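# Inside the fold
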Amino acid sequence: MRKLAILGSTGSIGTQALDVAARHSDRFAVTALVAHSSSEKLFEQVRQFHPQIAALSVEPKEIPADIRESCQWMFGENVLLDVVRACDADDVLVSVVGVVGLAAVMEALACGKRVLLANKEPLVAGGELVTEAARKAGHPLLPVDSEHSAIFQCLQGAQGNTPTRLILTASGGPFRTWTREQMQNATRAQALKHPNWSMGAKITIDSASMFNKALEIIEAHWLFDMPPEKIQVVVHPQSIVHSAVEFADGAVLAQLGVPDMRVPIAYAMTYPRRIPTGSKPLDLFSIGTLTFEPGDPVRFPALRLAGECLNAGGAACTILNGANEMAVAAFLRDEIPFGAISRIVEGTLEACGAMPADTLEDIFHADLEARRRAKEIAEKLK
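Just so it is clear, the model here is predicted, and its values are computed rather than measured.

Rules and cut-offs
Residues numbered from 1 in each chain as written. Predicted model: local features only at pLDDT ≥ 70, side-chain atom pairs only at ≥ 80, totals over all residues. Heavy atoms only, no water. Buried < 20%, exposed > 50% of the residue type's maximum accessible area, 1.4 Å probe, protein only. Helix = DSSP H or I, 4+ residues; strand = E, 2+ residues; numbered from the N terminus. Contact = heavy atoms within 4.5 Å. Salt bridge = Lys/Arg side-chain N within 4 Å of Asp/Glu carboxyl O. Pairing = 2+ DSSP bridges. Axes fitted to C-alpha atoms, helices over the stretch in contact; angles between N-to-C directions. Parallel < 35°, antiparallel > 145°, perpendicular 65-115°, else oblique. Nonpolar A, V, L, I, M, F, W, Y, C, P; charged D, E, K, R; others polar. Polar contact = N/O pair within 3.5 Å; in protein donor to acceptor, adjacent residues only side chain to side chain.

### Description of helix α7 (residues 146-155)
With respect to burial, α7 is a largely interior element, 9 of its 10 residues being buried. Turning to α7, its buried residues number three or more, namely Ser146, Glu147, His148, Ser149, Ala150, Ile151, Phe152, Gln153 and Cys154. Buried residues belonging to α7 abut β7 (142-143), β8 (163-170), α11 (211-224), β10 (241-247), β11 (252-256) and α12 (262-270).

Set out below in structure tokens:
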């Protein structure tokens, strides 16, 4: 029986993790649930899973009488850290959006808890600090992103064979076949129309701009200790091959399956074991054809910026992430055109210059500075 705390329980990853936990109630006890503001959804989860702690960043007007005394309730902007410190959990699934998850990941590792990481930003913004904390804690960081989980699964079959290249697959998003000029003034509705997935607005826009893949390049570098020039992005619109690893002997191992996030979630929850997830079996005959295209750093500058930031070191990746979050928020408010997102990020990197990332304070300072600079640039582009 693994005791599980879920940070971001009402989002897509959190709800699917709870589906896995419900299917295997003999294996998992859900001891803590945290949401930002989706109180009604959290109330239903509390009724079903009976956690010891339930928490919301935004305090609701009232807690329903039937669950008011059923668990300990926490509220406030520091609730992620408060819950991590207080909860009785073996594993902490971090599936909140943004750099806000970084401190929670560090605290979970410091408390000796195993981290199941569905939130890209902690490794993007604080990769060196997080990987060192995981090393000291003696726990592997267990990736939940489908691409990184695929690579992690393939590496289990290495048997001493040295990995030489990581192949990150990408759906290509809604603008896979668009020219750079066409993308410049794409609308919010067009950018939010992902061909394969139903996700939150921020992640969907990142998929359209391929900044999600830029963040995944950075994340893969830290998770698997692979230099950026050995991480290749391959556009695979069918989303059946979730990623692959090339080895020194020329072998390439890939992980395939129907698009279903319960598979990587369950693998992280039960590693190194596997359990049924309810996922549909893969029928290659009905798919027929799998296609692959190179990632294009000209149409999608994010792919170029990821490698440049990793090579620059310091807080460059933190700045990239903070600037992108600000730019995406401005785009979703219809304040800037779609093509301005990458221009804002690149301009912010130039404006901030070299900044250190030796401590959490350094990282949060760089993040705030990046957001300030990005906001200034976005104002000029309105």
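Next, the rest of the story.
### As for the pattern of salt bridges
Tallied over the full model, the rule gives 27 salt bridges. Residue Arg262 pairs with Asp19 through a salt bridge whose shortest N-O separation is 3.2 Å. Of this pair, Arg262 sits in helix α12 while Asp19 sits in helix α1 (residues 12-23), and the two are 243 residues apart along the sequence. Here Arg372 makes a salt bridge to Glu376, at a shortest N to O gap of 2.8 Å. Taken together, the residues Arg372 and Glu376, both in helix α17 (residues 360-381) and 4 residues apart, mark about one turn of the helix. Where salt bridges share partners, they join Lys120, Asp145, Glu147, Lys213 and Glu216 into one cluster.

### What to know about the sheet that holds strand β5 (residues 91-94)
With parallel pairing, the 7 strands of this open sheet are ordered in space as β4-β3-β2-β1-β5-β6-β7. The open sheet has two edge strands with one neighbour each: β4 (72-75) and β7. As paired strands, strand β2 (residues 28-35) and strand β3 (residues 53-56) are joined by 4 bridges and run parallel to one another. Opposite Val34, over in β3, you have Ala55 as the bridge partner. Contacting β1 (2-7), β2, β5, β6 (114-117) and β7, α12 runs over the sheet at an angle of about 170° to β6.

### Comments concerning the packing of helix α10 (residues 201-209) against α11
Put simply, α10 and α11 touch, their axes get as near as 5 Å, and they point 90° apart. Overall, the two elements α10 and α11 adopt an arrangement that is roughly perpendicular. Between α10 and α11, the residues in contact are Asp206, Ser207 and Ser209 and Phe211, Asn212 and Leu215, respectively. Here the contact of α10 with α11 is built from residues that sort into 2 nonpolar, 3 polar and 1 charged.

### Concerning the side chain of Asp145
Mapping Asp145 onto the fold places it in the loop between β7 and α7. Look at Asp145 and you get buried, because its relative accessible area is 8%. In terms of polar contacts, Asp145 uses its side chain to reach the side chain of Lys120, at 3.1 Å. Discounting residues that sit within four places of it in the chain, Asp145 has contacts with Leu117, Ala118, Lys120, Glu216 and Glu219.

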